[in-house]
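This is what each chain is made of:
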Amino acid sequence: MLLWMSNIIDSKKTIDADEDIEFVLACHKGNTDAFEVLVERHQKKMFNIAFRMTGDYDEACDVTQEAFLSAYKSIKNFKAEAKFSTWLYRIVVNYSKNRLKQLSRSAKRREISLDDSGEMKTEWIINQSFINDANPGTQMERRERETQVQKCITSLDEEYKEVLVLRDIQGFSYEEIRDILKISEGTVKSRLSRARNALKDCLTKVIGDL
Amino acid sequence: MKNCKEIENNLSLYLDDSLSGADKQAVEEHLKSCPQCTKVLVQLSKTHALVNNLAEVEPPAWFKQKIMAKVREESEKKSLVQKWFYPLRIKIPVQILATVFIAMLAVYIYRAGEEQIKEVVPSSVPVPVMEVQKSKLPEQKMKTSTDEDIQKEDQVIEKKETPRKKVSEMAVDAAKDVNGQIGPDIKADKYVSAPAVKSVELSETELEKKKESNILDAAIRASRTPHAQSVMQRPNVLLKVDDINIAAGEVEKLLIKYEAKNINRQIMQGKTILTAELKNQKINDFTARLKTIGQVEEGSAPLNNAVENIILMIEILNK
């Protein structure tokens with residue numbers, strides 16, 4: 001009985017803490033405007049997760065759109081056991097992983113994409129983010145460094161990439177990563193440790209002495 | 001003292017300050033005496049800084065609009081599906097609605113079919129009735145004739161003033177008509193003695209009115225025509241006797257003896273008319289026996305040997 005009560009209280013706490021919940025409930029009634037609010041709130045983070053996972057701007061656009069559409073279709077399945085944002089980020093991570101699998105199947109096309117247009121596109125996007133920097137020399141240096149870092153992230157194994165993106169780029173806690181990826185906290189920590197070491201090795205190779 | 005491998009695995013958590021007190025202390029003690037692990041820690045720290053400082057990428061300006069356009073499209077699709085599949089508050093699957101519809105349609109078709117059957121069945125019933133009618137006596141057949149014929153009949157029976165000669169001529173004419181016009185052109189139905197033909201014609205009219213199928217109609221005609229021919233022959237016999245009543249009784253006995261069917265007697269002023277259906281083979285013998293009763297005058301057309309039964313009309317008159 002006490003356990004049941006505590007479950008209800010915990011669930012209520014989660015709902016109370018989730019600022020998205022009222023819009024989610026409105027979406028249950030078919031209110032698309034409420035969903036627009038949720039898109040507005042989460043589109044940037046969703047898009048950045050997809051971009052860091054795929055390493056490609058256009059792919060990130062497609063993946064994020066698909067993830068949002070999928071979220072809208074299945075929003076009635078959201079049970080408020082976790083935060084809505086956690087549920088939403090899980091969707092975008094899974095869509096990104098699926099897209100990477102599709103791309104790896106067509107390895108040849110991917111190679112061309114990375115070597116030529118894809119890389120150029122990523123570079124261009126990163127360049128755009130430094131366009132307001134005052135010093136052009138610093139701009140160039142940072143731009144180059146960002147491209148190298150992204151290349152190394154893209155080259156990581158999927159399971160290392162996802163924890164690294166969520167923890168070191170998006171700043172999620174271990175608990176949040178556990179909930180998003182549905183893996184144990186210990187697994188999150190061990191994967192993160194390996195991911196950082198792998199990235200360090202990659203960057204040491206690419207940049208030289210860090 | 002832990003080895004470098006174990007320490008390296010914990011360096012990531014050490015950076016995050018996520019190690020327990022004992023592990024953290026072990027790492028710090030190791031780092032004091034291990035420049036290699038210290039270097040790794042510095043590299044990990046720089047890597048972390050590089051990744052952490054990656055700038056956020058802005059999605060395109062049209063991004064939200066595009067997402068929402070797709071979402072609204074999906075919403076409309078969803079509402080259409082709900083409209084068609086769940087028209088009621090209670091979610092009845094379309095399959096159940098379809099089943100109910102098919103069941104109702106089946107019942108409707110079955111009922112409609114039943115009515116059609118009812119329309120067809122009675123029209124097929126008169127066929128044997130008509131055949132029976134043909135074998136009946138003229139008086140019985142008259143009941144199935146038109147009102148006009150019945151009225152004429154009544155006139156003949158009730159108006160006893162009708163001259164004997166005229167009736168006799170009518171009978172003879174009727175016989176001639178029947179003999180000469182076997183088939184659909186028979187006009188003898190205006191006479192009392194020819195109701196059988198009339199009834200057949202009427203039946204045909206009724207059948208047409210009921211719009212029976214052509215096949216059924218043809219079958220009826222085919223079965224009817226030879227039978228009609230078998231009873232159409234009606235030679236008239238004029239029998240002149242001293243006492244009409246006695247003679248009529250004797251003729252009746254004689255008809256019974258010769259296995260005549262449908263014997264009918266009509267008593268009129270100054271005469272009695274007997275009609276009966278007699279087998280063709282027995283007609284000559286019968287006529288010969290009639291001569292023992294009275295004076296016989298045969299006024300009919302020659303007999304047709306192909307005919308099975310003959311309706312014989314005997315007029316009994318005083319000498």
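Since the model is a prediction, treat every value here as computed from it, not as a measurement.

Draft legend 1. Just the confidence of the model for chain A, in detail. In the predicted model, chain A carries a mean pLDDT of 83, and 79% of its residues have values of at least 70. In this model residues 1-15 of chain A is a low-confidence stretch, pLDDT under 50, and it forms six contacts with partners more than four residues away in sequence or in other chains.

Draft legend 2. Summary view of the sheet that holds strand 3 (residues 271-279) of chain B. Residues and elements named next belong to chain B. Strands sit in the order 2-3-5-1-4 across an open sheet of five strands; the sheet is mixed. Unpaired on one side and paired on the other, strand 2 (261-268) and strand 4 (295-298) mark the two borders of the sheet. Each strand axis lies, on average, 20° off the axis of its neighbour in the sheet, ignoring direction. Along the sheet, helix 12 (residues 244-257) makes contact with strand 1 (236-241), strand 2, strand 3 and strand 5 (309-318), crossing strand 5 at roughly 160°.

Draft legend 3. Representation of unusual backbone geometry in the model. One non-glycine residue, A:Ala80, lies in positive phi territory at about 60°. Turning to its location among the elements, A:Ala80 is positioned in the loop between helix 4 (57-73) and helix 5 (84-105). Although it is not a glycine, B:Glu259 adopts a positive phi angle of roughly 60°. Position of B:Glu259 relative to the elements: it lies in the loop between helix 12 and strand 2.

Draft legend 4. Structural view of the packing of helix 9 (residues 158-169) of chain A against helix 10 (residues 174-181) of chain A. All names here are of chain A. Where helix 9 meets helix 10, the closest approach of the two axes is 10 Å, and the angle between their N-to-C directions is 140°. By the angle between their directions, the pair helix 9 and helix 10 is classed as oblique. Note on packing geometry: the crossing formed by helix 9 with helix 10 is right-handed. Contacts between helix 9 and helix 10 pair Glu 162, Val 163, Leu 166 and Arg 167 from the former with Tyr 174, Ile 177, Ile 180 and Leu 181 from the latter. For the contact of helix 9 with helix 10, a count of residues per class yields six nonpolar, no polar and two charged.

Draft legend 5. Region of the structure containing the pattern of salt bridges. Throughout the structure, instances matching the rule amount to 23 salt bridges over all chains. When the shortest N-O distance is used, the salt bridge between B:Asp16 and A:Arg196 registers 3.0 Å. Here B:Asp16, found in helix 1 (residues 4-16), pairs with A:Arg196, found in helix 11 (residues 185-207), and the two come from separate chains. The two residues B:Asp16 and A:Arg196 agree in class, both being buried.

Draft legend 6. Looking closely at the state of the cysteines. Under the criterion given, the structure shown has one disulfide over all chains. Two residues share a disulfide in this structure: A:Cys152 and A:Cys202, whose sulfurs sit 2.1 Å from each other. Sign of the S-S torsion, about -80° for the bond between A:Cys152 and A:Cys202, identifies this disulfide as left-handed. Of the two residues, A:Cys152 is situated in helix 8 (residues 136-155) and A:Cys202 in helix 11; the sequence distance between them amounts to 50 residues. Neither A:Cys152 nor A:Cys202 differs from the other in exposure class; each is buried. Just so you know, B:Cys4 is unpaired, no disulfide at all, and the nearest cysteine sulfur is the one on B:Cys34, 3.4 Å from it.

Draft legend 7. Quick peek at the environment of B:Cys34. Note on placement: B:Cys34 falls in the loop between helix 2 (21-33) and helix 3 (35-52). In sequence terms B:Cys34 and B:Asn3 are 31 residues apart; their C-alpha atoms lie 9.8 Å from each other.

Draft legend 8. Structural view of a nonpolar patch on the surface. A contiguous nonpolar patch, built from B:Phe101, B:Ile102, B:Leu105, B:Tyr108 and B:Ile109 and spanning about 580 Å² of accessible area, is present on the exposed surface. Relative to the helices and strands, B:Tyr108 resides in helix 5 (residues 94-124).

Draft legend 9. Representation of the pairing of strand 3 of chain B in the model. Residue and element names in this part refer to chain B. For strand 3, a buried count of eight out of nine residues is recorded, marking the element as mostly surrounded by other parts of the structure. In the sheet, strand 2 pairs with strand 3 via six bridges, with the strands oriented antiparallel. Its bridge partner lying in strand 3, Ile 267 is registered against Thr 272. Linkage of strand 2 to strand 3, two consecutive antiparallel strands, is achieved through a turn of two residues, within which Gly 270 is found at a positive phi near 80°. Two elements, strand 3 and strand 5, share nine bridges in a ladder whose sense is antiparallel. Of the residues in strand 5, the one forming a bridge with Ala 276 is Leu 312.

About the thresholds
- Residues numbered from 1 in each chain as written.
- Chains lettered and ligands numbered in written order.
- Predicted model: local features only at pLDDT ≥ 70, side-chain atom pairs only at ≥ 80, totals over all residues.
- Heavy atoms only, no water.
- pLDDT = per-residue confidence, 0-100.
- Contact = heavy atoms within 4.5 Å.
- Pairing = 2+ DSSP bridges.
- Helix = DSSP H or I, 4+ residues; strand = E, 2+ residues; numbered from the N terminus.
- Axes fitted to C-alpha atoms, helices over the stretch in contact; angles between N-to-C directions.
- Parallel < 35°, antiparallel > 145°, perpendicular 65-115°, else oblique.
- Left-handed = near helix turned anticlockwise from the far one by under 90°.
- Nonpolar A, V, L, I, M, F, W, Y, C, P; charged D, E, K, R; others polar.
- Salt bridge = Lys/Arg side-chain N within 4 Å of Asp/Glu carboxyl O.
- Buried < 20%, exposed > 50% of the residue type's maximum accessible area, 1.4 Å probe, protein only.
- Disulfide = S-S within 2.5 Å.
- Patch = residues over 30% accessible without salt bridge, like charges linked within 9 Å, V, L, I, M, F, W, Y side chains within 5 Å.
- Areas by Shrake-Rupley, 256 points an atom, 1.4 Å probe, with all protein chains shown as cover.

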